[in-house]
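# Secondary and tertiary structure notes
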Amino acid sequence: MTTSDSTNTSATTPPPPPPPADLRFEAKDVANRLAGITVRTVVRRLPAAVWWTLKMAWRVDRPAVLLLGVCQLAAGVAQAVALAATARAMGPLLGGADAASRIDAALPALAVMVAAAAVARVFTVLAAYGSGRVTPKLTTEADTRFVETVCRAELTAMEEPGFHDAQTAAKAGVQRTANVVTDVQRCMSALMQITGAMGALTVLHPVLLPLIVLAVVPAGVGEIVAARISYRTHYLNIGDQNVRHMVRWWATTPKHATEVRANGMTDYVRYWYAAISRRMDARTIAAAPRTARTVLAASAVGGLFQTLTWGVLAYLATHGHIGLAVAATAVVGLRAVIASLGNAVSYAANVLNTGMYLEDLHSFLDRTGRAAQQRGTRLPDAPREVRVDNASYTYPSKDRPAVDGLSLTLTRGEVVAVVGVNGAGKSTLMNLITAVTLPDKGRVLWDAAETRALDADAVWRHTGVVTQDFAKWPLRARENVTQGQPRTDHDDPVWEAVDQVGLREAVDELPHGLDTLLAREYFGGSELSGGQWQRFACARALYRKPAVLILDEPTSQLDARGEHQIFTALRQQRRDRITVIVTHRLDNTRLADRILVLDHGRIVEQGTFDELRATPGSLFAELYDLSQDR
Ligand SMILES: Nc1ncnc2c1ncn2[C@@H]1O[C@H](COP(=O)(O)OP(=O)(O)OP(=O)(O)O)[C@@H](O)[C@H]1O
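Residues numbered from 1 in each chain as written. Predicted model: local features only at pLDDT ≥ 70, side-chain atom pairs only at ≥ 80, totals over all residues. Heavy atoms only, no water.

Attention now moves to the site of the ligand. If you check the shell around the ligand, you find 15 residues, and the closest are Glu159, Gly423, Lys426, Ser427 and Thr428. One nitrogen or oxygen atom from the side chain of Glu159 is found 2.6 Å from a nitrogen atom belonging to the ligand. At 2.8 Å, a side-chain N or O of Lys426 approaches an oxygen atom of the ligand. The dominant element in the shell around the ligand, judged by the number of residues it contributes, is helix H12 (residues 426-433), at 3 residues. (Near = heavy atom within 4 Å. Polar contact = N/O pair within 3.5 Å; in protein donor to acceptor, adjacent residues only side chain to side chain. Helix = DSSP H or I, 4+ residues; strand = E, 2+ residues; numbered from the N terminus.)

With that settled, the discussion passes to the domain arrangement of the chain. Each assigned domain of the chain is listed with its residue range as follows: domain 1 (28-371) and domain 2 (385-629). Using only C-alpha atoms to locate each centre, domain 1 and domain 2 end up separated by 53 Å. Of the residues lining the interface, 11 residues belong to domain 1; the matching set on domain 2 comes to 10 residues. Of the roughly 860 Å² buried at the junction of domain 1 and domain 2 (both faces included), carbon and sulfur atoms supply 53%. (Domains from an automatic or database assignment. Contact = heavy atoms within 4.5 Å. Buried area = accessible area lost by both parts, 1.4 Å probe.)

In the numbering used here, UniProt assigns the "transmembrane region" (unreviewed entry) feature to residues 64-85, 105-129 and 198-221. For the annotated span residues 64-85, helix accounts for 100% and strand for 0% of the residues, and the straight-line distance between the end C-alpha atoms is 31 Å. Secondary structure across residues 105-129 divides into 100% helix and 0% strand, with the first and last C-alpha atoms of the span separated by 38 Å. (UniProt positions renumbered as here; feature names shortened; annotations may be inferred.)

Let us now look at the side chain of Asn242. Position of Asn242 among the secondary structure elements: in helix H8 (residues 208-252). Residue class for Asn242 comes out buried when judged on its relative accessible area of 9%. Apart from the residues lying within four places of it in its own chain, the contact partners of Asn242 are His164, Asp165 and Thr168. (Buried < 20%, exposed > 50% of the residue type's maximum accessible area, 1.4 Å probe, protein only.)

On to the pattern of salt bridges. Pairing between side chains of opposite charge can happen when the charged atoms of each approach one another. One pass over the full model with this rule turns up 21 salt bridges. Across the salt bridge formed by Asp267 and Arg270, the nearest N and O atoms sit 3.4 Å from each other. Within this pair, Asp267 and its partner Arg270 are both found in helix H10 (residues 266-318), separated by 3 residues, close to a single helical turn. Its relative accessible area of 56% is what places Arg270 among the exposed residues. In this structure, the salt-bridge partner of Arg504 is Asp499, at a minimum N-O distance of 2.8 Å. For Arg504, a relative accessible area of 35% gives the class partly exposed. You can call Asp499 partly exposed: its relative accessible area is 37%. The network of salt bridges with shared partners includes Asp61, Arg133 and Lys137. (Salt bridge = Lys/Arg side-chain N within 4 Å of Asp/Glu carboxyl O.)

On to the packing of aromatic side chains, then. Under the definition given, this model contains 10 aromatic pairs. Relative to Tyr395, the ring of Tyr393 lies with its centre 5.1 Å away and its plane at 90°, an arrangement referred to as edge-to-face. Aromatic side chains Phe609 and Tyr624 sit 5.3 Å apart centroid to centroid with 85° between the ring planes, which places their arrangement in the edge-to-face category. With a gap of 15 residues between them, Phe609 in helix H20 (residues 609-614) and Tyr624 in helix H21 (residues 619-628) connect regions that are remote in the sequence. (Phe/Tyr/Trp six-rings, centres within 6.5 Å; stacked < 30°, edge-to-face > 60°.)

With that settled, consider H8. For H8, built from 45 residues, the straight-helix expectation of 66 Å at 1.5 Å per residue is met to within 8% by its first-to-last C-alpha distance of 62 Å. Approximately 45° is the largest bend angle found in H8, and it occurs at Ile238. (Expected span 1.5 Å × (residues − 1). Bend = angle between axes of the 7 residues up to and from the residue.)

Structure (structure tokens):
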């Protein structure tokens, strides 16, 4: 083989991709929480979690909860009566008289047994109906709280490392919320059955009682340990679950299909997906033998005590300590008690298991709830001036501030361009100006009021933002302009915004004009080009007629005509607002009254285009010259 042969071979068979990174659940507050979750901790916190859920159930559907509770109680009582009647029938049935008179004597008890069993069944079905009504509402309520809590949290909390993983863990808690009602309901039902069977046990020798308990408790302990193993696997898989979800999306969304295919990423993405799945499966499979061992050991111990119980009963009967009829009653009672006690322990273990997932939900809601926007209640007018006063902001995961002791004043009527190298802090500064985030140090003032003293929603009624990574709402064309605004009963303002960004022709060409659904991936409808989507993002901001308009690279995907149209619109409307344009296209900064050059979170230069251009050695002049050097 020649050298060129070997080169060709290695070129056609690239080395296998490296394995996916081993991502773990790393949420700050909860990183080691599993270690802290003992059965005792769950038991301690469980009543509060169950109470929280039951209260919520009561609020979402009181009649259904009442129906559920009453029917459950009634079914339990009926089952107890049926059991007691069964035990009572045993005495006459096994008595000394002939068969006909024994059946006669047992008939009333047998009739009660049948009637009680039928009643129990009816109430059980009604209870299941109540439960079926309340559980979806409960899940929705828990989910709604989850969404509201996240929406109301300061953005900084969402920037915390591990927030996403904690959110995924909490979602599992949301899905299990409904289990609480079923688990508690089943637990109650089993306890009722025990009460019924207890009647039969009063005739028993006292030595049997501890044996019964020992016969069922190991199974319960086994279930708790098995639940903990399963929770641990779930916990270890959370990081990978998120990554797998993302990889799946990248691999399958038409949005990135071109990038993935034409850059030869398909194999790599598939490999990642398979490797992450295998890793998750390996954890789940590794847990299976431990679960089996635990359940087997628990069953063996429980079985041992059950055998002992039956042995003791046999001994008592054969040695004349109890009569045959009593022994037969005891057999029925014992079976019923062991079964219902076993169920009660098992359902209690389920509640504990659910409790572990609820813990994740509650700690997430607590943590995110603590980060809720706690700003003032002042309602701002459209500001004449926004002043950033020695403000700093450091992202929670970073040591260095993204905006570092920065001061500036923006005045109504002014168009300000903000430029700087990547990572200079431009987008972060925009978030401070619009009060999306609050500074860690220093102040941002809208006229005389600090942004932290203002009602956040009221502030955002005066702002309009086009972000770099703007949203493509899978809604109608109209809503892509009006989203977040009060509805108007005619489309004139919508068309005005559409015209300002030069979109009329594109909208006219859509099959249903403004009514066209732009959600091809989800519900069908039409798709737009990248630049047309960006024009929609700009139209959305202009439609708001905001007092503070922030445009972060608003024309990065636009053709020259589109860019010109948007800048013309900005110029025409400048008097009514503060306009800030963040851009890397330095030619566009000619439009601005003032240019701010940011570096490492500080303003290092400012002035007009001509002033900065003419300053020898200025960062702006350097960047501008580089942009012209093609
Ligand atoms: N969500 C975040 N979490 C942590 N650090 C962040 C986050 N967003 C930005 N940063 C960091 O803050 C600094 C400033 O980022 P910012 O996005 O404000 O810069 P920029 O000037 O807008 O950059 P670009 O021109 O690339 O858009 C950077 O060092 C960046 O890595």
